[in-house]
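# Descriptive structure summary
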Amino acid sequence: MIEINGVSKSYNRATVKAVDNVSLTVNNGEIFGFLGPNGAGKTTLIKMITGILNADAGSIRINGYNISEDPISAKMQFGFVPDDPNIFARLSGIEYLNFIADIYQVPGSQRGSRIKQLLQRFDMLNAAGDRIQSYSHGMKQKIVVIGALLHDPPVWILDEPMTGLDPRSSFDLKEMMREHADAGKTVFFSTHVLDVAEKVCDRLAIINKGKVIFCGSMQEIRAHARENESLENLFLELTEDA
Amino acid sequence: MHRFGALLKILLINYFGISVRQLRDPVNRKEYLKKLGLGLIIVVALAPTIVLYTNILIKGYEVLAPLGQAGAILTLGMVLVSALVFFFGVFYVVSLFYFAADAESLLALPLRAWQVLGARFCLLLCYEYLTALPFLLPPLIVYGVKSGAGLSYWLMALLGFLVIPVLPLSLAAIPTTIVMRFANLSRRKDMFKIVGSIFVIALVIAYQFFFQNAAPQNMDPEFLQRLFTQRNGLMDQLSGVFPSTRYLGLALVDAGKLIGLLNLAIFMLVSFLGLILAWFVGEKFYYQGLMGSSETSARRKVLSHKDYQKLTNPSSALFAYMLKEIRLLLRTPTYFMNSVMTNLLAPLLILLPFYLQSRRGITMPWSNLMNTPQGQSTLLVAVVAIILFITGSNAMTATAISREGKEFYISRFIPLSYKQQISAKILSAYIFGVIGALMMIVASRILFPQSVLFMVLLLGVSLVAIIPILEAGLLIDILRPKLEWENEQQAFKQNLNVLFSLLFALIIAGVIVYMVITFFHSLLWAALFMLTFFTVLAALLYYLLMNWGITLYQELES
């Protein structure tokens with residue numbers, strides 16, 4: 001469960017508000033989509049949830065742990081996939097995964113089989129021994145996704161996870177997200193593609209210019225968009241993006 | 001030629017960040033003023049060392065002039081500069097010619113190899129002038145002023161200053177270009193580049209070793225007499241390592257005479273020949289060495305069950321983070337060359353000239369001193385000071401955060417406390433620091449055979465002494481990390497933290513050298529003082545790092 005309460009973040013000495021007083025609750029057992037055009041504030045909010053950025057105001061709790069007050073416990077709760085897979089290019093895939101497993105204290109008894117199983121699922125078995133610098137963008141994305149799922153975190157936080165994935169892996173990831181949510185756990189992911197959100201999410205929020213302008217199920221959004229012009233315009237924009 | 005000029009101009013603007021047109025913009029001007037201010041601070045901080053160096057040269061001149069050996073101070077400066085230019089040259093050539101981010105993109109432009117290489121060579125010369133300035137200017141001025149030299153001396157000195165880095169830089173470029181050509185054939189290019197660079201340096205050291213061995217071995221009285229009675233005989237001896245400096249030295253000593261001009265001509269000719277050779281080699285090998293040098297190959301082989309068992313062994317989070325730091329330092333050629341190699345090779349290169357001289361039987365002025373208690377405490381503090389210098393200049397912790405660059409976000413989201421991350425960074429650098437210190441200790445043991453007690457004390461003090469330098473480096477990097485960079489070069493080469501870390505080490509070295517020479521004239525007292533000093537300093541910096549440092553680290557945002 002993720003609880004976001006009145007969170008704000010400004011850049012350039014408070015002249016640009018990237019995230020403006022956002023409050024959201026992502027419940028257990030749901031896939032929550034975070035939708036918005038490029039530059040709307042999605043990544044900034046995700047960076048605050050994961051502790052990469054400090055919020056100017058408000059609080060964020062992950063499974064009850066406050067990210068700024070009890071960062072280590074909060075960080076143990078989630079697995080994170082960033083929008084740009086910049087990872088240690090001079091480590092091999094397996095070295096990177098073992099590093100992540102050590103950091104998240106994945107028990108030695110399950111480690112090898114879990115790594116193998118995930119590598120197999122993402123068709124990365126034959127690349128695990130090679131340096132990450134030899135990977136294509138999609139392969140880097142896959143190894144980051146595997147790293148994020150390695151410690152079987154209750155909360156998944158994924159920033160544009162489908163970007164760069166081939167259709168097969170993208171399908172697999174969506175299936176895994178569904179399984180995870182059905183097991184009573186939480187998936188929070190951002191996308192700027194409405195089509196993806198529509199197919200996968202139980203609920204979603206739309207963010208624009210730093211503010212959440214709507215939060216609810218897909219049907220609710222559609223109904224609401226007919227009455228609200230600005231939401232309708234944004235909705236059209238997102239549909240065009242797809 | 002036009003293209004060569006255009007390329008050089010762009011490179012100068014890019015690397016030195018100076019362009020007249022940009023200077024007209026007030027925003028840029030403020031940035032430049034900031035840089036200028038920083039530069040001034042550095043000059044002021046270095047001033048005491050330069051004053052000390054100048055004083056030594058003045059004393060040296062006064063002692064040597066009556067013997068007709070005053071030219072030796074010129075040669076000393078020139079040999080020192082040539083050695084430095086060569087040593088840094090190998091690193092610069094590798095990093096600037098091959099690892100720079102723009103290196104490969106220039107391949108697509110309609111430029112000849114010599115144009116690209118020439119422009120980069122000129123850029124390097126500019127860097128080398130900056131290196132040479134503090135070492136060469138004082139002896140040139142001291143000799144000129146003291147000997148009341150005329151205009152011809154000063155003109156020759158200026159010309160000499162401009163030309164002197166050409167030969168050592170060419171000598172650094174030639175083997176490097178050839179080795180890189182063949183390193184590029186290999187599948188593991190990163191590793192080969194590193195091994196190649198080490199090979200070049202080893203080659204040159206070996207050359208010097210044999211070259212020096214060819215000189216008279218025994219220190220018979222006749223040789224000694226010749227050394228000091230022959231005019232400028234000492235100069236000849238010193239210039240053995242870089243023979244061309246001998247001619248420039250002779251030219252300066254006899255400036256205004258025909259023989260002086262002749263010597264200058266020989267010096268210029270030798271430098272020019274070196275340049276021509278470098279040009280020839282460059283035109284032939286450079287592009288082939290560069291093409292595809294950043295490509296990586298992969299085996300795409302499924303790992304065996306045994307591999308998995310070996311590669312997925314659990315360890316503590318702290319150890320895992322430390323191991324990651326070490327692996328990246330060893331595997332990234334830029335980091336390896338700048339940090340690890342400096343650490344390993346500097347002791348060798350600092351002591352090699354002394355060692356070679358002592359092999360040739362030249363008695364060093366400190367030989368007799370060494371057996372007195374004060375001599376031993378001085379030697380102890382001198383070796384410790386060099387270790388501090390090496391630890392400060394390898395900048396392993398002073399770039400520890402900067403090196404993360406775009407990957408910095410990983411340190412922010414992983415569930416590893418900042419305290420542990422900081423500890424892991426210090427510990428991994430400490431391992432390399434200890435190796436560097438051990439190298440230095442072994443090297444000094446070979447050169448100055450000392451008692452077991454001396455060696456134990458030296459080891460004890462050194463192991464503590466490097467800690468505050470590493471802590472201060474990390475604190476500097478937390479204060480002003482350079483996280484925005486496109487290629488790994490910038491994390492090091494265009495990062496002032498490296499310089500600040502070195503300055504800190506130099507200041508601390510200055511303090512202990514002054515304290516020991518002034519107050520602690522016995523080996524034991526000197527060691528005890530240093531141990532206490534470094535322990536207190538390390539504890540103080542640890543406290544700062546773990547409190548103030550962690551607060552700052554928490555606020556860092558990529």
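See above for the structure.
Summarised in this report is the structure supplied together with it.

Conventions adopted
- Residue indices follow the written sequence of each chain, beginning from 1 at its first position.
- Chain letters start at A and ligand numbers start at 1, both assigned in the order the entries are written.
- Local features in this predicted model are restricted to residues of pLDDT 70 or higher, and side-chain atom pairs are both shown and tallied only at a pLDDT of 80 or more, whereas totals for entire chains, interfaces and linings draw on every residue.
- No hydrogens and no water enter the side-chain calculation; it runs on all heavy atoms of the structure.
- In this text, helices come from DSSP runs of H or I with a minimum length of four residues, and strands from runs of E with a minimum of two, each type numbered from the N-terminal end.
- The classification of residues rests on relative accessible area computed with a 1.4 Å probe and restricted to protein chains. Under 20% of the type maximum is buried, over 50% is exposed, and intermediate values are partly exposed.
- Contacts are residue-level and defined by heavy atoms, with any inter-residue pair within 4.5 Å sufficient.
- In short, Shrake-Rupley with a 1.4 Å probe defines the accessible areas, and a residue's cover is counted only from the protein chains shown.
- Nonpolar cores were defined as sets of buried Ala, Val, Leu, Ile, Met, Phe, Trp, Tyr and Cys residues, with membership established by side-chain atoms within 4.5 Å.
- Per the annotation, domain bounds derive from an automatic or database assignment of domains.
- Think of it this way: DSSP has to see at least two bridges between two strands before they count as a pair.
- Axes, fitted as lines to C-alpha atoms, cover a helix only where it is in contact. Angles between the N-to-C directions of the axes lie from 0 to 180 degrees.
- Accessible area that two parts lose when put together, evaluated with a 1.4 Å probe and summed over both, is termed the buried area.
- The working definition used for a salt bridge is a side-chain nitrogen of Lys or Arg within 4 Å of a carboxyl oxygen of Asp or Glu.
- Pairs of N or O atoms within 3.5 Å make up the polar contacts considered here, provided that, within protein, one atom can donate a hydrogen while the other can accept it, and that residues adjacent in sequence are counted only when both atoms are side-chain atoms.
- Polar here means any residue outside two lists: the nonpolar Ala, Val, Leu, Ile, Met, Phe, Trp, Tyr, Cys and Pro, and the charged Asp, Glu, Lys and Arg; Gly therefore counts as polar.
- Every helix has an expected span of 1.5 Å times one less than the residues it contains.
- With a 1 Å grid spanning the protein atoms alone, the term cavity applies to any set of points in which a 1.4 Å probe fits but cannot get out, the term pocket to an open set with protein on both sides within 12 Å along at least five of seven lines, and the term lining residue to any residue with an atom within 4 Å of a point.
- Grid points are joined across faces, edges and corners, and a volume is the space filled by probe spheres set on the points.
- If you view the pair so one helix is near and one far, a crossing is left-handed when the near helix is turned anticlockwise from the far one by less than a right angle, and right-handed when it is turned clockwise.

### Observations regarding the overall build of chain B
Assigned secondary structure in chain B consists of 23 helices and 0 strands. Evaluated residue by residue, chain B yields a buried proportion of 52% over its 558 residues. Taking the contacts inside chain B whose residues are at least 6 apart along the sequence as the reference set, 83% of them involve residues at least 24 apart. Put simply, chain B shows about 25700 Å² of open surface, and 72% of that area lies on carbon and sulfur atoms.

### Examining the nonpolar core
Judged by nonpolar contacts, the single largest core of 171 residues is most densely connected at Leu-45, Leu-119 and Met-177 of chain A together with Met-530 and Phe-534 of chain B. The biggest single contributor to this core is helix α20 (residues 452–479) of chain B, with 14 residues. Residues lining this core come from more than one domain, with at least three contributed by each of domain 1 (2–219 + 227–290) and domain 2 (324–557) of chain B. Other than its neighbours up to four places away in sequence, Met-530 of chain B contacts Leu-380, Val-381, Val-384, Val-461, Ile-512 and Val-516 of chain B. In terms of nonpolar packing, the next biggest core, distinct from the first, is built from 60 residues, Ala-119, Ile-164, Met-180 and Tyr-286 of chain B among them.

### Focus on the pairing of strand β10 (residues 211–216) of chain A
Residues and elements named next belong to chain A. Examined bridge by bridge, strand β9 (residues 203–208) and β10 share 5 bridges and lie antiparallel to one another. By the bridge assignment for β10, Ile-207 is matched with Val-212. Counted between consecutive antiparallel strands, the loop separating β9 from β10 contains 2 residues, among which Lys-209 sits at a positive phi close to 50°.

### Examining the sheet that holds strand β7 (residues 155–159) of chain A
All names here are of chain A. Overall, mixed pairing links the 6 strands, which are arranged β6-β7-β8-β3-β9-β10 in an open sheet. In the strand order of this sheet, the two ends are held by β6 (78–81) and β10, each with one partner. Looking at each pair of strands side by side, their axes are set apart by 15° on average, direction ignored. Two strands pair when backbone bridges link them, and strand β3 (residues 31–35) and strand β8 (residues 186–191) are joined in this way by 5 bridges, in the parallel orientation. Its bridge partner lying in β8, Leu-35 is registered against Thr-191. Taken strand by strand, helix α5 (residues 137–149) contacts β6 and β7, and its axis lies near 170° from that of β6.

### Comments concerning the pairing of strand β1 (residues 2–11) of chain A
Sheet faces and side chains relate simply in a regular strand, where the side chains alternate between the two faces. All names here are of chain A. In terms of burial, β1 is largely enclosed, as 7 of its 10 residues are buried. Sheet topology note: the β1/strand β2 (residues 16–26) ladder contains 7 bridges and is antiparallel. The residue of β2 that forms the bridge with Ile-4 is Leu-24. By the bridge criterion, 5 bridges tie β1 to strand β4 (residues 57–62) in an arrangement that is antiparallel. The residue of β4 that forms the bridge with Glu-3 is Arg-61.

### Details of the interface of chain A and chain B
At the interface, 44 residues of chain A touch 43 residues of chain B. For the pair chain A and chain B, the two sides together bury roughly 4000 Å², of which 57% comes from carbon and sulfur. At the junction of chain A with chain B, the criterion picks out 2 salt bridges. For Glu-95 of chain A, the salt bridge goes to Arg-331 of chain B, with nearest N and O atoms at 2.6 Å. Connecting chain A to chain B are 11 residue pairs in polar contact (both at pLDDT 80 or more). Among the secondary structure elements, those contributing two or more residues to the side of chain A that touches chain B are α2 (71–76), β6, α3 (93–103) and α4 (108–121) of chain A. In terms of residue class, the side of chain A that touches chain B is built from 22 nonpolar, 12 polar and 10 charged.

### Things to note about helix α15 (residues 317–331) of chain B
For an α-helix the count is 3.6 residues per turn, leaving residues at separations of three or four pointing the same way. Relative to the 21 Å expected for 15 residues at 1.5 Å per residue, α15 of chain B spans 21 Å between its end C-alpha atoms, a close match to the ideal helical length. Among all positions of α15 of chain B, only Ala-317, Ala-320, Tyr-321, Met-322, Lys-324, Glu-325, Ile-326, Leu-328, Leu-329 and Arg-331 of chain B are buried.

### Things to note about the sheet that holds strand β5 (residues 65–66) of chain A
Residue and element names in this part refer to chain A. If you trace the 4 strands from one edge of the open sheet to the other, you get β2-β1-β4-β5, paired in antiparallel fashion. For this open sheet the edge positions go to β2 and β5, each flanked by a neighbour on one side alone. The pairing of β4 with β5 spans 2 bridges and is classified as antiparallel. By the bridge assignment, Arg-61 is partnered in β5 with Asn-66. Across the sheet, helix α1 (residues 42–49) touches β1, β2 and β4, and the angle it forms with β1 is around 120°.

### Points about empty space enclosed by the protein
Taken as a whole and judged by the stated rule, the model has 3 cavities of 30 Å³ or more. Considering the residues around the largest cavity, the lining is formed by Gly-79, Phe-80, Tyr-96, Ile-100, Tyr-104, Val-144, Gly-147, Ala-148 and His-151 of chain A together with Phe-413 of chain B. Breaking the lining of the largest cavity down by element, the ones donating at least two residues are β6, α3 and α5 of chain A. Among the elements that take part in the lining of the largest cavity, α5 of chain A stands out by supplying 3 residues, more than any other. Residue composition of the lining of the largest cavity, by class: 7 nonpolar, 3 polar and no charged. Size it by volume and the second largest cavity reaches roughly 40 Å³. Residue lining of the second largest cavity: Phe-91, Val-94, Ser-95, Phe-99, Pro-333, Thr-334, Met-337, Asn-338, Gln-489 and Lys-493 of chain B, and that is the complete set.

### Examining the packing of α4 of chain A against α5 of chain A
All names here are of chain A. The N-to-C vectors of α4 and α5 enclose an angle of 145°; their axes lie 10 Å apart at closest approach. Considering how the two elements wind past one another, α4 and α5 form a crossing that is right-handed. Side by side, α4 and α5 meet where Arg-114, Leu-118 and Leu-119 of the first sit next to Ile-143, Ile-146 and Leu-149 of the second. For the contact of α4 with α5, the residue count by class is 5 nonpolar, no polar and 1 charged.

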